[in-house]
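# Structure at a glance
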Amino acid sequence: MAEITLKGLAHSYLPDPQSPEDYAIREMDHVWHQGGAFALLGPSGCGKSTLLNIISGLLEPSGGEVLFDGEKVNSLSPEARNIAQVFQFPVVYDTMTVYDNLAFPLRNVGTAAGRVHERVMEVAEVLELTPQLKRKAKNLTADEKQKVSMGRGLVREDVSAILFDEPLTVIDPQLKWKLRRKLKEIHRRFNITMVYVTHDQLEASTFADKIAVMYEGQVVQFGTPRELFEAPNHTFVGYFIGSPGMNFLPVAMEGGRVMCGEAPLVVGEAFEKALQATSSENVKLGIRPEFVEAHATEVKGATEAEVVDIQDLGTYAILSLRLGGILLKARLDEDEPRPRVRAWLRFPVGRLGLYVDEFRVEVPHE
Amino acid sequence: MNRELPTTPEAVRERAARANDRRRRRARPASRQWRRRGLMTAYLVFVLLPIYWLLNMSFQANSEILGALTLWPQDFTLEHYARILTQSSWYMGYVNSIAYVLMNMLISISVALPAAYAFSRYRFIGDKHLFFWLLTNLMAPPAVFLLPYFQLYYTVGLFDTHVAVALAHCLFNIPLAVWILEGFMSSVPKEIDETAFIDGYGFPRFFVRIFIPMISSGIGVTLFFLFMFSWVELLLASTLTSTGAQPIGSVMTQTKGASGIDWGALSAAGVLTILPGILVVYFVRNHIAKGFALGRT
Amino acid sequence: MNNKVYNNRAWWLILPMLLLVAFSAIIPLMTVVNYSVQDVFDAHTRFFTGTEWFRETLNDPTLQMALLRQFAFSFTVLAIEVPLGIGIALLMPKRGWQASAVLILVTMPLLIPWNVVGSIWQIFTRGDIGLMGWSLRELGYGYNITRSATDAWGTIVLMDVWHWTPLIALLSYSGLRSIPDAYYQAARIDRASQWAVFRYIQLPKLTNVLVIGVLLRFMHSFMIYAEPFVLTGGGPGSSTTFLSQSLTTMAIGQQDLGPSAAFSIIYFLIILLVCWVFYTAIMNLQKDKQERGV
C-alpha cells in the first residue's frame, strides 16, 4: 500500500521525439493517494496503458519520476516494486492447474506453504473459482482464465498497488457487473490502492471514487464522477463523459451581445464580462443537454432554435436542435411538452461553463 | 545485490532508497545483457571459425598451406577461384547442381501444393494412411535406394541427367513440402475458401489468386527447405550421374591427385558451395523467424 | 481441425504427387524387396532364398556393432543439440539488424553440402594445416583422428553439433517468437524467476516444435553418411562406420545384392518404428489441443 506520485512524467516510444505528438505521455504530475480506488478513463490510444505500464515498471519513462511513498522507483524492475497488474487479455500458465496458477506469485517469493494455501483458498472463494482449482488452466474458458489472471493479482498481500488494464474486456456483461462489485468489495476489505484502466465511463464511475480522464497523453481532469459530470475541465471531458455528451457553442461578442453564429444568447452579465476580457478566438460555452431548457412556446430570455430530430427513449427524449448553424442536444423529461418545429432555449447561468482554448475558465458569479 | 524480492510496501521503499543511493555512486552495469552477448558471440565464433579457416585456405597458394600454419593469407591469391571459374570441368559442377536443385524445387512445389490443400481441407478414403506413408518416405535412408535407383534410371535411360537427380530428390522433398505446406494451410481458416466459392471463384482461380498469396510465407519457407535438402544431398546425386550432370560435390573429389590433395582448390570450391545458401537465407530471413515453426506452434 | 469435408474427389489433387512419389519410392522399394529374398548370380540366374539374407544380416556382428554405434551416435548428438539449440534460441536477439545478421550466420551450416561439411572439418582438424588440430597439438594434446577412435568419435560429434544445432535453434527461436509479450510481462509482475519463465512459459510453447526438431534430427543423424565418410572414412578401424556407410560398402563396394537389400529393409524398418512412436506423440499433442475446445 503506497502513495504513487508521478512527477514531470513523460514518455515517448520514439528515440528522438520532436513535437508533442511524438509523446505517448506528455509531461504530467499526478498523485494516486494511498488506499484509493481510481479509474483511468480515456479513449483507446490516449496513453492509459502506457501510464499503467510505467507505474508497474514494465516500461521505463523517458522523462520524469515515479515515486512510491516519496521514494524514486524509476529504475526498479516490476519484480522489485511489489506491484500487481492484471492485463486486458487473460494470461495463464497453461501447464499449471488453477491452484498452482494462483499460488505462483506467492511461491515465487518463497511464501510458506500454509500461508499460500490459505490465500489461494480465500481468493478462489471470492472469485468463485473453487470448483476449478484442480483443473489445468489450459482447459478453462476465456472468462475463467481472466478470473485466474485477476486472482494472481489479488492473492498477494501487502502489494504497493493493484493495476487493472481493462480487465473485463473478455468477460460477458452479466459476470462483468458481478466482478466489478467483487473488486470494490476487495478494495474495501484490504484498503489497497487500485488503479483501473477503462474506456467505459460507466465502468469507471461504478468502480472508482475518483476518475482521471486521459486525453492525448495527459490527465485532463481528476475528480469524482460528479465533478466530471458537472464541471468538466476540458471540452474533451465534456464530450466523453455523459450520454449524449456536453454541448459546446462557439461564441463571440458582437456589438455588446453574446452571439452564437447569428443567434444572440442571454447568458448574464458575469459571462458577458468574462467574454469581453478574453482575447482568444476559440471561446465556447458548454452546457449539458440535461440542463438545457427547451420550451415549445416563446418565453422570456430565450433563443429560438430549429428542431432537427426528436429521439424518444421512453422516460425521456433527446432533442436535436440547430442554433445559429450549430447542432446541440437537449434532454426532455416525459412530462414536458415536446417542441415540434421550433424551440425556445434558455441556458441557466449556474449550469453554463466558459471554455477558452478548450479549457474551462471559472466565471465569478455575483 | 539482494536477490530477495520485497513483499511489503515498506520493503519496496527501502529497496528503492538503496537503489537510488547506489546510483548516486556509480552507474549500474547491465551485466545480464553482457553475459547474453558474450555467450552468443562465443557460439557464433564456434560456427564461423571452421568456415573462416576454409576461407583462409582458399586464398592461399598450396605452398603456403603446406608450409607454416598462418592465421590469415600472407600471400593473398585468387588463383584457385580463377581456376574454378574458368575450367568448365569445375564450373559445370555448379551449373549441374543448380540445375537439378531448381528442377526439383519446381516439381516438388507444384505437385505438393494441391496435395497439401487436399490433406488440409478434405477427408477421403485412406487419407491418414497416405499421409503417414508419405512421411515414411521422409525417413527412408538414401543409401537404401542407391542401388535400385541406379538400376531404374539406367533402364529408363535417364542416368547421368539432371532430371534423374531432380526426380530422385523428390523422394524426400515432396513429402517434406506436403508436410510443411499442410501445416501452413491448416492455419488458414476454411471460411476463406467458402466465401471465395460463394463469390463465384472456380477452384483453380481461387487457388492461384487468393489461397497461394495467403500462405506466401509458408511457400517461402517450403522453398527454402526444398533448396536446402536438395542442395546438400550428395549420395544420390553422385551415384546417379557420371560426367554429364555431375554435381559440384563429386567434382570436388577430383582434387585428390597423385601429389596428394589440392587443398587450395578444395577450399575455394567449398567456399563457392556456401554462397548460394547464404543468398537463399538472405532472401527468406524475414520469414524464417515465424515460418520455421512450420505453422505448428 | 475437425471440420474437414468428406470428399473423395480430393484424390484428384493428390494424384500427381502420388504418381511422382510412387515412381521414386514404390518401384525402387519393390526392387529392394525382390533382391532381399533372392540370390542373384547374373541377369538370368537367381534363386529364392526366403528369409536367409535377413537372418544372416541380423546375425552379422559388424552390422550389429554398426547399429549400436548408430544408436549411440544419434542419442549423443540429440542429447547435446537439443539443449544447446534451445539455449542458443534464448540468446538470439529478437529485433533489429542484429536479429537478421545472427539469423543468417546461425543458419549457414545448414545450407552447406554435406560432403563440404566433411571437408571443412577435415581441413579444420588436420594436425598440420588445421587450426583446431594444430592448436590442440600445440597445447600438448596428441590429437589425431586417424589413429585415436576417441578423437575421431569426438570430432564427428562436434561436427554434427556444429552442423545441426542451428536446426533446433531456429525451430526453437521461431517457437519463442510466437509467445506474446503479455506472458513475459505477467511473469515479471508475478515475480517469476528466469528459470520459472523458461519452465512455465517458454518450454510449454516449445513442445510442438521440439517434437518436430527431435524427429528430424533423429532421422537425419540415423542416415548420416557424407560427413563422416569424408572426415574419417569410417575409421580408425570401423569406429566411426555408421549404418549408411556399411550399407553403401555392401551394396556398391561388394555388390552383395541380397544381404544389402535385406539390410536396407531392416534399416528402414528401424527408422519407421522410431518415427511411428514420434508420430503418435504428435497426434496425441494435437488431440490435446482439440480437447481444449475451441
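The preceding data block contains the structure.
Here we summarise the structure given alongside this text. (Residues numbered from 1 in each chain as written. Chains lettered and ligands numbered in written order. Predicted model: local features only at pLDDT ≥ 70, side-chain atom pairs only at ≥ 80, totals over all residues. Heavy atoms only, no water.)

## Overview of the packing of helix α4 (residues 96-107) of chain C against helix α7 (residues 149-177) of chain C
Residues and elements named next belong to chain C. At a minimum axis separation of 9 Å, α4 and α7 run at an interaxial angle of 145 degrees. For the pair α4 and α7, contact is made by A99, L103, V106 and T107 and by P166, L170 and Y173, respectively. A breakdown of the residues in the contact of α4 with α7 according to their chemical character gives six nonpolar, one polar and no charged. (Axes fitted to C-alpha atoms, helices over the stretch in contact; angles between N-to-C directions. Helix = DSSP H or I, 4+ residues; strand = E, 2+ residues; numbered from the N terminus. Contact = heavy atoms within 4.5 Å. Nonpolar A, V, L, I, M, F, W, Y, C, P; charged D, E, K, R; others polar.)

## A short note on the nonpolar core
B:V178, B:F225 and C:M17 are the most contacted members of the largest nonpolar core, which totals 229 residues. With 17 residues, the single largest contributor to this core is helix α8 (residues 162-186) of chain B. A:V92, A:I171, A:L183 and A:V220 belong to the second-largest nonpolar core, a separate cluster that totals 48 residues. (Core = buried A, V, L, I, M, F, W, Y, C linked by side-chain atoms within 4.5 Å. Buried < 20%, exposed > 50% of the residue type's maximum accessible area, 1.4 Å probe, protein only.)

## Description of the side chain of C:R69
Note on placement: C:R69 falls in helix α3 (residues 61-91). With residues up to four places along the chain from it excluded, the contact list for C:R69 reads C:T62, C:W153, C:S238, C:S239, C:T240, C:T241 and C:F242.

## Side note on the interface of chain A and chain C
Listed per partner, the contact involves 24 residues of chain A and 16 residues of chain C. Both sides together, the interface formed by chain A and chain C hides about 2,000 Å², and carbon and sulfur atoms give 57% of it. A per-residue breakdown of the area chain A buries against chain C is headed by A:E79, A:Y93 and A:K138, which together make up 24% of the total. Where chain A meets chain C, there are two salt bridges. A salt bridge links C:R188 to A:E79; the shortest N-O distance between them is 3.5 Å. Taken together, the connections running from chain A to chain C amount to seven residue pairs in polar contact (both at pLDDT 80 or more). Secondary-structure elements contributing two or more residues to the side of chain A that touches chain C are α2 (78-81), β6 (84-86) and α3 (98-107) of chain A. Among the residues making up the side of chain A that touches chain C, the classes are represented as 12 nonpolar, seven polar and five charged. (Buried area = accessible area lost by both parts, 1.4 Å probe. Salt bridge = Lys/Arg side-chain N within 4 Å of Asp/Glu carboxyl O. Polar contact = N/O pair within 3.5 Å; in protein donor to acceptor, adjacent residues only side chain to side chain.)

## Comments concerning helix α11 (residues 243-253) of chain C
All names here are of chain C. In terms of burial, α11 is largely enclosed, as eight of its 11 residues are buried. All of the buried residues in α11 are L243, S244, Q245, S246, L247, T248, M250 and A251. Positive phi appears at Q255, one or two residues downstream of α11, with a value of about 55 degrees.

## Things to note about the interface of chain C and chain B
The partner chain B presents 100 residues to the 98 residues of chain C that form the contact. When chain C packs against chain B, the two sides together hide about 9,200 Å² of surface, and 79% of this comes from carbon and sulfur. Applying the counting criterion to the chain C and chain B interface returns zero salt bridges. There are nine residue pairs in polar contact (both at pLDDT 80 or more) connecting chain C and chain B. Residues that form the side of chain C that touches chain B fall into these classes: 70 nonpolar, 21 polar and seven charged. Note: strand β1 (residues 122-123) of chain B against strand β1 (residues 5-6) of chain C, two bridges, orientation parallel. Its bridge partner lying in β1(C), B:R123 is registered against C:Y6. (Pairing = 2+ DSSP bridges.)

## Things to note about the sheet that holds strand β5 (residues 71-72) of chain A
Residue and element names in this part refer to chain A. The four strands are arranged β2-β1-β4-β5 in an open sheet whose pairing can be described as antiparallel. Lying at the two open borders of the sheet, with one neighbouring strand each, are β2 (25-32) and β5. Bridge analysis of strand β1 (residues 4-11) against strand β4 (residues 63-68) gives five bridges, and the strand direction is antiparallel. Counterpart to I4 in the pairing with β4 is F68. Helix α1 (residues 48-56) rests against β1, β2 and β4 of the sheet, and its axis sits at about 125 degrees to β1.

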